[in-house]
Amino acid sequence: MTESPKPRDYCPRCGVAYEPLQEYCLECGSRLPTNRGVVGFLASEWQRRLAWYPGDWIWPVLLFLVITIAATAAAVAAGSTKGHSSTLVATQPHVTVGPGAPQPTVSTVSPTSTLPTAPQPTISTGTLPTAPGAASTSSVTTPTPANPNALAEWPAGKSGYTIVLLSLPFDAGRANAAARARAAKRAGLPDVGVLASSDYSSLHPGYYVVFSGIYASQAQASAAVSNVHAHGFRGAYQVQVTR
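Note that this is a predicted model, so its numbers are computed, not measured.

Rules used in this analysis
Residues numbered from 1 in each chain as written. Predicted model: local features only at pLDDT ≥ 70, side-chain atom pairs only at ≥ 80, totals over all residues. Heavy atoms only, no water. Helix = DSSP H or I, 4+ residues; strand = E, 2+ residues; numbered from the N terminus. Buried < 20%, exposed > 50% of the residue type's maximum accessible area, 1.4 Å probe, protein only. Core = buried A, V, L, I, M, F, W, Y, C linked by side-chain atoms within 4.5 Å. Contact = heavy atoms within 4.5 Å. Expected span 1.5 Å × (residues − 1). Pairing = 2+ DSSP bridges. Axes fitted to C-alpha atoms, helices over the stretch in contact; angles between N-to-C directions. Phe/Tyr/Trp six-rings, centres within 6.5 Å; stacked < 30°, edge-to-face > 60°. Bend = angle between axes of the 7 residues up to and from the residue. Salt bridge = Lys/Arg side-chain N within 4 Å of Asp/Glu carboxyl O. Polar contact = N/O pair within 3.5 Å; in protein donor to acceptor, adjacent residues only side chain to side chain.

**A closer look at the overall build of the protein**
Okay, step 1: Counting secondary structure elements, the protein contains four helices and six strands.
Okay, step 2: For the protein, the succession of helices and strands along the chain, N to C, is β-β-α-α-β-α-β-β-α-β.
Okay, step 3: The buried share of the protein, taken over its 243 residues, is 23%.

**Structural notes on the nonpolar core**
Okay, step 1: By size, the foremost hydrophobic cluster in this structure holds 19 residues, and its most contacted members are I163, L165, L189, V192, V210, V228 and F233.
Okay, step 2: Looking at this core, the elements with two or more residues in it are β3 (160–169), α3 (174–186), β4 (192–196), β5 (207–215) and α4 (218–230).
Okay, step 3: Apart from residues no more than four positions distant in its own chain, I163 is found in contact with V210, F211, S212, Y215, A221, A224, V225, V228, A236, Y237 and Q238.
Okay, step 4: If you look at the next biggest cluster of nonpolar residues, it comprises nine residues, including W154, V164, L195 and F211.

**Here's the deal with α3**
Okay, step 1: Between its terminal C-alpha atoms α3 stretches 18 Å, which fits the 18 Å expected from 13 residues at 1.5 Å a residue.
Okay, step 2: Those residues of α3 hidden inside the fold are in contact with β3, β4 and β5.
Okay, step 3: Note on α3: the residue one or two positions beyond its end, G188, has a positive phi of about 110°.

**Description of the sheet that holds β4**
Okay, step 1: Strand order across the open sheet formed by four strands is β4-β5-β3-β6, with antiparallel pairing between neighbours. Edge positions in the open sheet fall to β4 and β6 (237–241), since each of these has one partner strand only. Sheet twist, expressed as the average angle between the axes of neighbouring strands with direction ignored, equals 50°.
Okay, step 2: Taken together, the five bridges between β3 and β6 define a ladder with antiparallel strand orientation. From the neighbouring strand, V164 faces β6, where its bridge partner is Y237.
Okay, step 3: Of the strands in this sheet, β3, β4 and β5 are in contact with α3, which crosses β4 at around 155°.
Okay, step 4: Against the sheet, α4 makes contact with β3, β5 and β6, and its axis sits at roughly 50° relative to β3, the strand it touches most.

**Some points on the side chain of S212**
Okay, step 1: Within the secondary structure, S212 sits in strand β5.
Okay, step 2: Note on S212: relative accessible area 1%, which makes it buried.
Okay, step 3: Those residues in contact with S212, other than ones at most four positions away along the chain, are T162, I163, L165, L189, P190, D191 and V192.

**Focus on unusual backbone geometry**
Okay, step 1: Of note in this structure, D191 is not a glycine but carries a positive phi near 50°.
Okay, step 2: Here D191 shows up in the loop between α3 and β4.
Okay, step 3: Classification of D191 by relative accessible area gives partly exposed; the value is 44%.

**Here we look at the packing of aromatic side chains**
Okay, step 1: Here the structure, examined in full by the defined rule, presents two aromatic pairs.
Okay, step 2: For the pair W154 and F211, a centre-to-centre distance of 5.9 Å together with 80° between the ring planes defines the contact as edge-to-face. Of this pair, W154 sits in the loop between α2 (58–83) and β3 while F211 is found in strand β5, placing the two residues 57 residues apart along the sequence.
Okay, step 3: On the accessibility criterion, F211 (0% relative accessible area) is buried.
Okay, step 4: When the ring of F170 is compared with that of Y208, the centres are 4.7 Å apart and the planes differ by 55°; the resulting orientation is tilted. In this pair, F170 sits in the loop between β3 and α3 while Y208 sits in strand β5, placing the two residues 38 residues apart along the sequence.
Okay, step 5: Owing to a relative accessible area of 33%, F170 belongs among the partly exposed residues under this scheme.

**A short note on α4**
Okay, step 1: Bending of α4 peaks at approximately 25° at the position of A224.
Okay, step 2: Taken together, the buried positions of α4 are occupied by A221, A224, V225 and V228.
Okay, step 3: Those residues of α4 that are buried are in contact with β3, β5 and β6.
Okay, step 4: Looking one or two residues beyond α4, the residue adopting positive phi is G232, at roughly 105°.

**Quick look at the pattern of salt bridges**
Okay, step 1: The final tally for this structure, using the stated rule, is one salt bridge.
Okay, step 2: Two residues, E23 and R31, come together in a salt bridge whose shortest N-O distance is 2.8 Å.

**Details of the side chain of T162**
Okay, step 1: Tracing the chain through its elements places T162 in strand β3.
Okay, step 2: Separated by 3.3 Å, the side chain of T162 and the backbone oxygen of S212 make a polar contact.
Okay, step 3: Among the polar contacts listed, one links the side chain of T162 to the backbone oxygen of G213, at a separation of 2.5 Å.

Next comes the structure, spelled out in structure tokens:
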């Protein structure tokens, strides 16, 4: 009598037979269901239906998820049951009318006299009248102090003359030109500001021009050049500013 051949296991993905202790299929590389318990059975059924199998860790995770959902549903159901309040129904007492019926007890309460409430005085919180000859405080405004570091701005659309203290290329940055202008203002020069030369046709484009003074005529600018030189800006010169 010949011994019957031992049943072989086959890869659930490609159908190739594998050894009992083999972990991966030599043909397709899929993980084989080596565990023959419940997990192995579930893994085998999964791989027969789906090509991708995440691993045996998926089963305890799914079990924990099911337990969590069931516990949450039970807690919600218990909370909703406790939330229902019982309804109390008030019953009217039975009243007997006729001979022998108990007489109702009438309590006598002496009335309390109520005096009318005295009217409360009205206090006006409006503005008190101003005494004759006194200055009205509502028309007094506190002036805003001027910013000592504020630079002068050339009036929009106006042509005139000014004194160029120095010129810096755009690459040097406007902040550098503004710092030079504030230094000149602290030195005592009037109406110190910064112009972008590209905005004016009378100036060479590509520079930040630090200027002092806004003059309506060339004669006024010429008279102010000597004062600028006396403040240490020997290379300053007058120039016409036009759009």
